[in-house]
Amino acid sequence: QVQLVESGGGLVQPGGSLRLSCAASGSIFINSMGWYRQPPGKERELVAVITSGGGTHYADSVKGRFTISRDNAKKTVYLQMNSLKPEDTAVYYCNKDPASTPLWYWGQGTQVTVSS
């Protein structure tokens, strides 16, 4: 079972940027990985996916603003978030692509708050 540790969240003003990191305890190179978020009072949703080959897919709500990347040697997945909006406020998690079931256990997530 791979352990996941997310970091890099914080409080940022609208229009600002953050870079999230997800460190895995085991190898991820064969897996498609995803970043998810759970806004207050809402269900967890998928925001970005990166395949084992480096292909990327984004939710419409973040397309053009967020960039997912990976470093297999470091067993880490990143999410660069630019032009942040208040509606991006959520706890952000990483895990395998939802098509790659079963997922690993969820980490603690990292809180992103976009507010002036």
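Residues numbered from 1 in each chain as written. Predicted model: local features only at pLDDT ≥ 70, side-chain atom pairs only at ≥ 80, totals over all residues. Heavy atoms only, no water.

**Considering the nonpolar core**
Stage number 1. Trp 35, Val 77, Leu 79, Met 81 and Tyr 92 are the most contacted members of the largest nonpolar core, which has 26 residues in total.
Stage number 2. For this core, the secondary-structure elements that each account for two or more residues are strand 3 (18–24), strand 4 (33–38), strand 5 (45–50), strand 7 (66–71), strand 8 (76–81), strand 9 (90–96) and strand 10 (110–114).
Stage number 3. Ranked by residues supplied to this core, first place goes to strand 3 with four residues.
Stage number 4. In this structure, Leu 79 is in contact with Leu 18, Arg 19, Leu 20, Trp 35, Val 47, Ala 48, Phe 66, Thr 67, Ile 68 and Tyr 92, ignoring residues within four places of it in sequence. (Core = buried A, V, L, I, M, F, W, Y, C linked by side-chain atoms within 4.5 Å. Buried < 20%, exposed > 50% of the residue type's maximum accessible area, 1.4 Å probe, protein only. Helix = DSSP H or I, 4+ residues; strand = E, 2+ residues; numbered from the N terminus. Contact = heavy atoms within 4.5 Å.)

**Regarding the pattern of salt bridges**
Stage number 1. Inspection of the entire model under this criterion finds four salt bridges.
Stage number 2. With a closest N to O distance of 2.7 Å, Glu 45 and Arg 37 form a salt bridge.
Stage number 3. Put simply, Arg 65 and Asp 88 hold a salt bridge, and the shortest N to O gap is 2.7 Å. Here Arg 65, found in the loop between strand 6 (56–58) and strand 7, pairs with Asp 88, found in the loop between strand 8 and strand 9; they are 23 residues apart in sequence, far enough to count as distant.
Stage number 4. Look at Arg 65 and you get buried, because its relative accessible area is 10%.
Stage number 5. Judged by relative accessible area, which is 1%, Asp 88 ranks as buried. (Salt bridge = Lys/Arg side-chain N within 4 Å of Asp/Glu carboxyl O.)

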